[in-house]
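The primary structure of each chain is shown beneath.
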Amino acid sequence: MGCFVALGLGTFLMAATGQVLAATVTSPERGPQRYAAAPVVVVPDGELVVEGAHGRARATLDEPRSVPRSLVGRLPGAVVDRIVPARIDGGGPVVGRPWSAHRAAPQGLTAGRAPRGAAEVAVSGERERLGRRVTVVTAEGPATYTIVGVTGAGPESTVFFDDRRAGQLRPRIDALAVWEDPGAVRAAVRGAGVRVLTGDERAEPDPARAADARARNDAATVVGIAGGFAAFVSVFVVSSTFAYATARRRREFALLRTVGATGRQLRRMVRAEAWLLAVVASGIGAVLGPSAAPWLLERLVALDLAPAWTVVGDSVVPTLVAFPVGVAFALAAAAAPALRAGRTGPAEALREAAVESRAMTPARWVLGLGCLATALVCLAVNALTDPASATHDKTAMPLVMLLVAAAALLAPAVAAPVTRLLAAPLSRLPGAAGEVAASAALASARQTALTAAPVLVTVGLTAALLGGATTGDAAEKEVRTKPVRAEYVVVPDGGGNGGDKGGGLDRELVARLRAVPGVDVATSTPMSLYTLDGGSSLTRRPVTAVDPKPLPSTCQVPITSGSLSELRANTIVVSPTWEHRLGDTVRLWRADGTRTAFKVVGLLAAGAEADAYVTPANAGQSRPDLAYVKLRPGTPPDTARAALDRAVEGHGARALSKERWGAELGAGGRSASRTGLFAVLAIILAYTVLSLVNTVLMASEDRAPERRALALLGARRRQVTAFVAVEALLVVAIGTLLAAGTAALSLAGLWWSVLRLVGPLPLSVPWAATAGASAVCALLAVVAATLPAALSRRPGT
């Protein structure tokens, strides 16, 4: 029953996460939103195609070209749409559009009228604002408008400008909404470098399209982590439980060998039992697992880790995958115990049934030391060659798994020394309970280690993963803030952690910042360039556009050769990942697909925050996402701060001190996989806690003869219960110490990488979470161990 529960729960969890993963892959895309009412939409061709040495290379452009103006005349009745990033009264980001484009959503008037002049706007969904004057911030800067109309909510928060005003704010044409026959439209635009979208294709330019893709990827990442941990923990728990269940049957095997059973017969018996157990438990878990998928998906949606429109389907693939995997786990878990049972000789049977033989087998030594050596070598290689990767979850998680597996495999070898370490304080407890519990644990090191295995997983994963996550966040924050010499950083509202969906800092604000006396201002604009790698593939490279003159005074740029002062419109400074030398000419394509070439005038050191630097002349439509403000010598800080506050007023931006900016980076810098880790960890730990109760209940039955012996010696029920409780606490303490060693190795390797990356940084240990996990294990272990003894009809049973 113990093995059945462990295997059934593991298969159940794998099937549940697999069903959610299938939902993220198979759920259909949302239908058109921005152009739901327009049967045909003409958009720029957003694909970059380059003839390489091995054929055509393709990539999706970050800034698709404008729809040619000539097409407006070819398509009578077409509605010109322009997308203007904006903010209203310093609030969150909204999208600005020409009034005529309201037909495409549709977003009809619910109050007021259409805007008719450069100073009038209509807004979506806010009837109470009709007639108010508001400040709208666009790329040009802030301007005051009167709200003369209110429209339906639509797919996004929208501010509608007069068509002419929208053309001034956004000269390029982003789309044409057409109410004509698709064939006629395709014929009219042939050769113009545009795409004609119909049906579900009209969803491609939707505002939520990119967010939907990110949400789908986030959900797949989270569920992938969950599935990986589910498989790992299932292997771990099922193997430990099966090994324990087989080990506790030594007397049965001894009797069978004594009456003439061969080793082969014992092996076949254990394997047959494993087959029966595997088929039944895995079948039940695989069939019932998908029923938990809706609940799991609902939790992910509540945490913003999955798109709300995802629907759990009726795919049978997760069940068909989880079932054979569960069967394979059970058979693999039974392999070693079956061999051990079959190798017991008839003459050794009764002796082995009474006293546990060696705790470690050669295979266990090889596997345990192999996992430990592999993990330590990987930690050292990461620290020496690529310390930045050590802070990423995809690198840290497999190493934590290896360390936990090594600790579990080597646990019988260290259980005895750890027990002796804990025996001293136990011997000081009143009565004989402490001494008896320590002696029992020492006499059966392997059984003690197997019982402590769920504690090792629960506490070890909690300490290592949460500690690594927090330390990794702190390291990433330090990478961004340590090079900054500026006292202040100006960011858009809501953009404290970099980037801004509302378009970034406007041009007027940047000019006002540079006009503040006594300060140097350097802006940072994220953008993209494309390189043709290997003559066959286009690679999108994140690049930062900076002002080369003020940047060195506001930020420390780690350049190993060359000079930032040589940065011009046709030069570039690159990191080692570009694999170029000083003086090389690099063929590139800008974010809008235009071809260019840059000369390499500087090389960045490994680990630099930016991957490459260019001048703002190459930024295209991108706007700065932050500005560094450095006080010149002699500038009063209070005077400068007051001037900065006045400069940002009305521009939807904030001037933050470097310390405050760093704090906001730390608060908002977690990735989807990091946040998902916390949610998934709760599910995995719940499984291991249940396995702990399962294992302790199995062990409690084995302790029945010892309880009877204590009763015969005169122990009362309370004393027997105290012995059982102390033994359970001892097992939890052993598992906690093993987990502490595992977490210590993992965090030490991470700290070494962080030391090489950013210098000394305090190591974050999740004391509260680790202590909580250990306390829960202790409570459940004591209850599971003492309840059978307390409820027995006789004190010693």
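Residues numbered from 1 in each chain as written. Predicted model: local features only at pLDDT ≥ 70, side-chain atom pairs only at ≥ 80, totals over all residues. Heavy atoms only, no water.

Caption draft 1: Focus on the nonpolar core. Core analysis: the largest hydrophobic core is formed by 86 residues, its most contacted members being Phe229, Val233, Phe236, Phe242 and Leu461. Formed by 21 residues, the second largest nonpolar core is a distinct cluster that contains Val489, Cys555, Val601 and Leu656. (Core = buried A, V, L, I, M, F, W, Y, C linked by side-chain atoms within 4.5 Å. Buried < 20%, exposed > 50% of the residue type's maximum accessible area, 1.4 Å probe, protein only.)

Caption draft 2: Seen up close, the packing of aromatic side chains. Throughout the structure, instances matching the rule amount to three aromatic pairs. Taking the centre distance of 5.5 Å and the plane angle of 85 degrees together, the rings of Trp99 and Phe160 count as edge-to-face. A residue pair is termed long-range when its members are at least 10 positions apart, and Trp99 in the loop between β6 (93-98) and β7 (109-112) and Phe160 in strand β11 (residues 158-161) qualify at 61 residues. The residues Trp99 and Phe160 share a single accessibility class, namely buried. Aromatic side chains Tyr145 and Phe161 sit 5.4 Å apart centroid to centroid with 65 degrees between the ring planes, which places their arrangement in the edge-to-face category. Here Phe161 lies in strand β11 and Tyr145 lies in strand β10 (residues 142-151), a separation of 16 residues in the sequence. Residue Phe161 is classed as buried on the basis of its relative accessible area of 0%. Lying across the ring of Trp179, Arg103 places its NZ or CZ 4.0 Å from the centre. (Phe/Tyr/Trp six-rings, centres within 6.5 Å; stacked < 30°, edge-to-face > 60°. Helix = DSSP H or I, 4+ residues; strand = E, 2+ residues; numbered from the N terminus. Lys NZ or Arg CZ within 6 Å of the ring centre and 35° of its normal.)

Caption draft 3: A look at the side chain of Thr786. Within the element layout of this structure, Thr786 appears in helix α22 (residues 767-791). At a separation of 2.6 Å, a polar atom in the side chain of Thr786 contacts the main-chain carbonyl oxygen of Val782. Ignoring anything within four residues of it in the chain, the contact list for Thr786 reads Thr721, Val724 and Ala725. (Polar contact = N/O pair within 3.5 Å; in protein donor to acceptor, adjacent residues only side chain to side chain. Contact = heavy atoms within 4.5 Å.)

Caption draft 4: Representation of the sheet that holds strand β1 (residues 40-44) within the structure. Strand order in this open sheet of four strands is β4-β12-β1-β13, and the pairing throughout is antiparallel. At either margin of the open sheet sits one strand with a lone partner, and together these are β4 (79-81) and β13 (194-198). Shown here is a sheet whose adjacent strand axes are inclined to one another by a mean of 25 degrees, direction ignored. Relative to β13, β1 is paired through five bridges, and the arrangement is antiparallel. Across the sheet, residue Pro44 finds its bridge partner in β13, namely Val194. Where helix α4 (residues 182-189) meets the sheet, it contacts β1, β12 (175-178) and β13, and its direction lies at approximately 175 degrees from that of β13. (Pairing = 2+ DSSP bridges. Axes fitted to C-alpha atoms, helices over the stretch in contact; angles between N-to-C directions.)

Caption draft 5: Region of the structure containing the side chain of Thr596. By secondary structure assignment, the location of Thr596 is in strand β20 (residues 595-604). With a relative accessible area of 15%, Thr596 lands in the buried category. Here Thr596 is in contact with Val586, Arg587, Leu588 and Arg590, once residues within four sequence places are set aside.

Caption draft 6: Local environment of the packing of helix α1 (residues 2-26) against helix α8 (residues 293-302). Remark: α1 packs on α8, axes separated minimally by 9 Å, with the N-to-C direction vectors making an angle of 60 degrees. The orientation of α1 relative to α8 falls into the category oblique. The crossing of α1 and α8 is right-handed. Counted together, Ala16, Thr17, Gln19 and Val20 of α1 and Ala293, Leu296, Leu297 and Leu300 of α8 form the full contact between these two elements. Of the residues belonging to the contact of α1 with α8, the class tally is six nonpolar, two polar and no charged. (Parallel < 35°, antiparallel > 145°, perpendicular 65-115°, else oblique. Left-handed = near helix turned anticlockwise from the far one by under 90°. Nonpolar A, V, L, I, M, F, W, Y, C, P; charged D, E, K, R; others polar.)

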